[in-house]
Amino acid sequence: MGIAPTADAIEAHARGVIARLPAEFRAHLGDVVLLVEEEADAETLAALGLEHPLELTGLYHGQPIGAKSAFDSGALPDRIHLYRQAILAEWCETDVRLDDLVAHVTIHEIGHHFGLSDDDMHTLEEAVADGAC
């Protein structure tokens, strides 16, 4: 397993994943804020019906691109939250490599930004992993 990476290391890996996305996806991510936090706060967990912060590895806050309108001006920017402690816990509990896990969570949350189905998210994840982008 190795040494637990810092939030900065997880962010750097997530940004590397984003850089490998197809250009048509990257073009629509410029205003999305990527945040790596230790864990989800109590308010976020309560809103999702979760009891423990290790249950949530990532979260997208915002409106999917297809649901946006000109009337949304003044709203907070869309945000992708990655939760370091939950990612590390899942890393320790599974045989998944950490870089694969961070890629999975990052792409899953990006998928919510685009309104993708789970199947589409998996296809995108495979394309990034294969370097096909």
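So, how was this worked out
Residues numbered from 1 in each chain as written. Predicted model: local features only at pLDDT ≥ 70, side-chain atom pairs only at ≥ 80, totals over all residues. Heavy atoms only, no water. Buried < 20%, exposed > 50% of the residue type's maximum accessible area, 1.4 Å probe, protein only. Helix = DSSP H or I, 4+ residues; strand = E, 2+ residues; numbered from the N terminus. Contact = heavy atoms within 4.5 Å. Lys, Arg positive; Asp, Glu negative; His and termini not counted. Salt bridge = Lys/Arg side-chain N within 4 Å of Asp/Glu carboxyl O. Core = buried A, V, L, I, M, F, W, Y, C linked by side-chain atoms within 4.5 Å. Polar contact = N/O pair within 3.5 Å; in protein donor to acceptor, adjacent residues only side chain to side chain. Axes fitted to C-alpha atoms, helices over the stretch in contact; angles between N-to-C directions. Parallel < 35°, antiparallel > 145°, perpendicular 65-115°, else oblique. Left-handed = near helix turned anticlockwise from the far one by under 90°. Nonpolar A, V, L, I, M, F, W, Y, C, P; charged D, E, K, R; others polar. pLDDT = per-residue confidence, 0-100.

Here's the deal with helix α4 (residues 84–93)
Then, number 1: Here α4 has its buried residues at R84, A86, I87, L88, A89 and W91.
Then, number 2: Residues of α4 that are buried make contact with α1 (7–19), β1 (33–37), β3 (79–83) and α5 (98–114).

Things to note about the side chain of E125
Then, number 1: Mapped onto the fold, E125 is located in helix α6 (residues 118–130).
Then, number 2: It is R20 that comes nearest to the buried, bridge-free E125 among opposite-charge side chains, at 9.5 Å.
Then, number 3: Setting aside residues up to four positions removed in sequence, E125 forms contacts with D100, H104 and I107.

With respect to the nonpolar core
Then, number 1: In terms of nonpolar packing, the biggest core is built from 28 residues, with L21, L29, I80, L82 and I110 touching the most fellow members.
Then, number 2: Those elements that place two or more of their residues in this core are α1, β1, β3, α4, α5 and α6.
Then, number 3: No other element matches the eight residues that α5 contributes to this core.
Then, number 4: Residues contacting L82, with those up to four places away along its chain left out, are I10, A14, L34, L35, V36, E37, T57, G58, I87, V105 and T106.
Then, number 5: L45, L56, Y83 and A86 belong to the second-largest nonpolar core, a separate cluster that totals six residues.

What to know about the side chain of H113
Then, number 1: Here H113 is to be found in helix α5.
Then, number 2: Residue classification places H113 among the buried positions, given a relative accessible area of 2%.
Then, number 3: Among the polar contacts listed, one links the side chain of H113 to the side chain of D78, at a separation of 3.4 Å.

Comments concerning the packing of α1 against α5
Then, number 1: Two elements in contact, α1 and α5, have axes separated by 9 Å at closest approach and are oriented at 60 degrees. Looking at the two axes, α1 sits oblique to α5. Helix-helix and strand crossings are classified by hand; for α1 and α5 the assignment is right-handed. Note on element contacts: α5 touches α1 through D99, V102, A103, T106, I107 and I110, opposite I10, H13, A14, V17 and I18.
Then, number 2: Partitioning the contact of α1 with α5 into residue classes produces eight nonpolar, two polar and one charged.

Here's the deal with the pattern of salt bridges
Then, number 1: As enumerated under the stated definition, the model contains four salt bridges in all.
Then, number 2: In this structure, E11 and R15 form a salt bridge, with 2.9 Å as the shortest nitrogen-oxygen distance. Linking E11 with R15, this pair stays in helix α1, spanning four residues, or about one helical turn.
Then, number 3: Residue class for E11 comes out partly exposed when judged on its relative accessible area of 24%.
Then, number 4: Ionic pairing is found between D100 and R97, a salt bridge with its closest N-O pair at 3.7 Å.

Quick notes on the confidence of the model for the protein chain
Then, number 1: Mean pLDDT over the protein chain stands at 88; residues scoring 70 or higher make up 88%.
Then, number 2: Of all helices and strands in the protein chain, the one with the weakest mean pLDDT is α6 (82), whereas β3 scores best (97).

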